[in-house]
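Examination of the molecular architecture
Listed here are the chains, written in short residue letters.
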Amino acid sequence: MKIEGEALLLRILIGESDKHHGRPLYEAIVEEARKQGLAGATVWRGLLGFGAHSRLHSHKILRLSEDLPIVIEIVDQAAKIQQILPLFDDMIDEGLITLEKVQVIAYRHNGDPGGRK
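Now for a look at the structure at hand. (Residues numbered from 1 in each chain as written. Predicted model: local features only at pLDDT ≥ 70, side-chain atom pairs only at ≥ 80, totals over all residues. Heavy atoms only, no water.)

A short note on the pairing of strand β1 (residues 5-15)
Across the 11 residues that make up β1, a large majority, 8, are buried. Taken together, the 9 bridges between β1 and strand β8 (residues 96-104) define a ladder with antiparallel strand orientation. Paired with R11 across the strands is T98, a residue of β8. Bridging between β1 and strand β7 (residues 69-76) involves 8 bridges; their strand directions are antiparallel. The residue of β7 that forms the bridge with R11 is E73. (Buried < 20%, exposed > 50% of the residue type's maximum accessible area, 1.4 Å probe, protein only. Helix = DSSP H or I, 4+ residues; strand = E, 2+ residues; numbered from the N terminus. Pairing = 2+ DSSP bridges.)

A closer look at the packing of helix α1 (residues 25-35) against helix α2 (residues 78-91)
Contact geometry of α1 with α2 gives a least axis separation of 11 Å together with a crossing angle of 160 degrees. Taken together, the axes of α1 and α2 lie roughly antiparallel to each other. Crossing of α1 against α2: the hand is right-handed. Of the residues in α2, those touching α1 at L25, A28, I29, E32 and A33 are I84, L87, F88 and M91. When the residues that make up the contact of α1 with α2 are grouped by side-chain class, the tally is 8 nonpolar, no polar and 1 charged. (Axes fitted to C-alpha atoms, helices over the stretch in contact; angles between N-to-C directions. Parallel < 35°, antiparallel > 145°, perpendicular 65-115°, else oblique. Left-handed = near helix turned anticlockwise from the far one by under 90°. Contact = heavy atoms within 4.5 Å. Nonpolar A, V, L, I, M, F, W, Y, C, P; charged D, E, K, R; others polar.)

Topic: the sheet that holds β8
What the 4 strands build is an open sheet, ordered β4-β7-β1-β8; its pairing is antiparallel. Either end of the sheet is taken by a strand with one partner, and the two such strands are β4 (41-45) and β8. Neighbour to neighbour, the strand axes of the sheet diverge by 20 degrees on average, direction disregarded. Pairing analysis gives 5 bridges linking β4 to β7, with the strands arranged antiparallel. Bridge pairing in β7 places W44 opposite V71. The strands touched by α1 are β1, β4 and β7; relative to β7, the strand with the most contacts, the crossing angle is about 5 degrees. The strands that α2 touches are β1, β7 and β8; relative to β1, the one it contacts most, it runs at about 20 degrees.

Written as structure tokens, this is what we have:
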């Protein structure tokens with residue numbers, strides 16, 4: 001697979017403790033993206049953040065340390081991102097979903113599932 005040129009960046013911000021059918025929401029989102037054939041997904045764990053309720057979530061506060069901010073980023077062609085958005089909208093009860101136009105400089109996959117050349 002090779003992607004270059006204009007694409008969309010889908011960014012999803014949720015909490016680490018958010019669930020979908022009893023499992024971590026971020027895992028369910030990434031697995032759905034993989035199942036739908038998107039180019040890839042990355043999950044980032046934040047150190048500090050707050051959302052709609054203005055409640056701080058920090059690695060320094062023990063009682064909230066298991067509900068840190070999670071950011072999921074997925075870049076792919078606009079049509080593929082637009083196709084999966086309704087699925088994610090149904091999965092996410094609370095969070096933020098954004099889209100940005102991006103310019104992909106290089107994304108290459110040599111066909112080896114192990115990633116070796």
